[in-house]
Amino acid sequence: MSTVDVLFATYNESISIITKTIVGHLNLDYLKDKITITLCDDGARETAKALCEKLGIQYLARPEKSHAKAGNIDYPLHNTNGRFIALLEADVVPNQRFYKKLLIIL
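Please read these numbers as outputs of a predicted model, since none were measured by experiment.

Draft legend 1. Highlighting the packing of aromatic side chains. Scanning all chains against the criterion turns up two aromatic pairs. Between Phe-98 and Tyr-99 the ring centres are 4.9 Å apart and the planes differ by 75°, which places this aromatic pair in the edge-to-face class. Relative accessible area serves as the criterion here: at 26%, Phe-98 is assigned to the partly exposed category.

Below you can see the structure in the form of structure tokens.
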């Protein structure tokens, strides 16, 4: 199975929404050692950082905020290692077999 880096771009979405999204992704039908989840937080919130630490995913807040959402998407792309990258909104939890179905096509 291919490695996947999942990036969630967020700016002040509620912690409850982000929690549902992260937990949903942690429970998807894909090998846990093949997926890396990163919350890209343009709000640079300590509560979001603590949530990521608690749930065992990566947290990234960029040092400067130029180019709004495009900058928040571009910044982590320079540090990805996965064969594939999934860029999703912070309130999206895909179908349980999303990655298996998508990557079988690719």
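There is more to say, and it comes next.
Draft legend 2. Quick peek at the state of the cysteines. Taken as a whole and judged by the stated rule, the model has zero disulfides. A disulfide-free cysteine, Cys-52 has its sulfur positioned 9.4 Å from the sulfur of Cys-40, the nearest such atom. By relative accessible area, which is 0% here, Cys-52 ends up buried.

Draft legend 3. Broad picture of the pattern of salt bridges. If you walk through the whole model with that rule in mind, you get five salt bridges. The shortest N-O distance in the salt bridge between Arg-45 and Asp-41 comes to 3.2 Å. Assessed through its relative accessible area of 15%, Arg-45 is described here as buried. Relative accessible area serves as the criterion here: at 0%, Asp-41 is assigned to the buried category. Between Glu-89 and Lys-69 there is a salt bridge, with its nearest N and O atoms 2.5 Å apart. Here the residue Glu-89 occupies a position in strand 4 (residues 84–89), and Lys-69 occupies one in helix 3 (residues 68–77), the gap between them amounting to 20 residues. Given the relative accessible area of 35%, Glu-89 is considered partly exposed. Judged by its relative accessible area of 39%, Lys-69 falls in the partly exposed class.

Draft legend 4. Local environment of the environment of Gly-71. Here Gly-71 lies in helix 3. In sequence terms Gly-71 and Phe-8 are 63 residues apart; their C-alpha atoms lie 13 Å from each other. The residues contacting Gly-71, other than those within four sequence positions of it, are Arg-62 and Ser-66.

Draft legend 5. Spotlight on the confidence of the model for the protein. Overall, the predicted model of the protein reaches an average pLDDT of 90, with 98% of residues at or above 70. Across the protein, helix 2 (residues 46–55) holds the top mean pLDDT of 97, while helix 4 (residues 98–105) sits lowest at 78.

Draft legend 6. Summary view of the pairing of strand 2 (residues 35–41). Across the seven residues of strand 2, six count as buried, placing the element largely inside the fold. Relative to strand 2, strand 1 (residues 4–10) runs parallel, the two being bridged by seven bridges. Note that in strand 2 the partner of Ala-9 across the bridge is Cys-40. Between the parallel pair strand 1 and strand 2, the chain is carried across by helix 1 (residues 15–26), and the sense of this crossover is right-handed. Relative to strand 3 (residues 58–60), strand 2 runs parallel, the two being bridged by three bridges. Within the sheet, the bridge partner assigned to Thr-38 lies in strand 3 and is Gln-58. Remark: the strand 2/helix 2/strand 3 crossover connection has right-handed handedness.

Criteria and thresholds
Every chain's residues receive numbers from 1 upward, in the order its sequence appears when written. Since the coordinates come from a predicted model, pLDDT governs what is reported: local features require at least 70, and pairs of side-chain atoms require 80 or more to be given and counted, while whole-chain, interface and lining totals use all residues. Side-chain descriptors were evaluated using all non-hydrogen atoms of the structure, hydrogens and water having been removed beforehand. The aromatic pairing rule takes the rings of Phe, Tyr and Trp, using the six-membered ring of Trp, and pairs them if the centres are within 6.5 Å, calling planes under 30 degrees apart stacked, those over 60 edge-to-face and the rest tilted. Accessible area is worked out with a 1.4 Å probe on protein chains only. A residue is then buried under 20% of its type maximum, exposed over 50%, and partly exposed in between. A pair of cysteine sulfur atoms is labelled a disulfide when the two atoms are within 2.5 Å. For this analysis, a salt bridge means a side-chain nitrogen from Lys or Arg found within 4 Å of a carboxyl oxygen belonging to Asp or Glu. Here a strand is any run of E in DSSP of at least two residues, a helix any run of H or I of at least four, and the numbering for each starts at the N terminus. Pairs of residues are marked as contacts when any of their non-hydrogen atoms sit within 4.5 Å. On a scale of 0 to 100, pLDDT captures the predictor's confidence in every residue. Whether two strands pair comes down to DSSP finding at least two bridges between them. Handedness of a crossover is defined as follows: with both strands directed away from the viewer, a clockwise route from the first strand across the helix to the second makes it right-handed.

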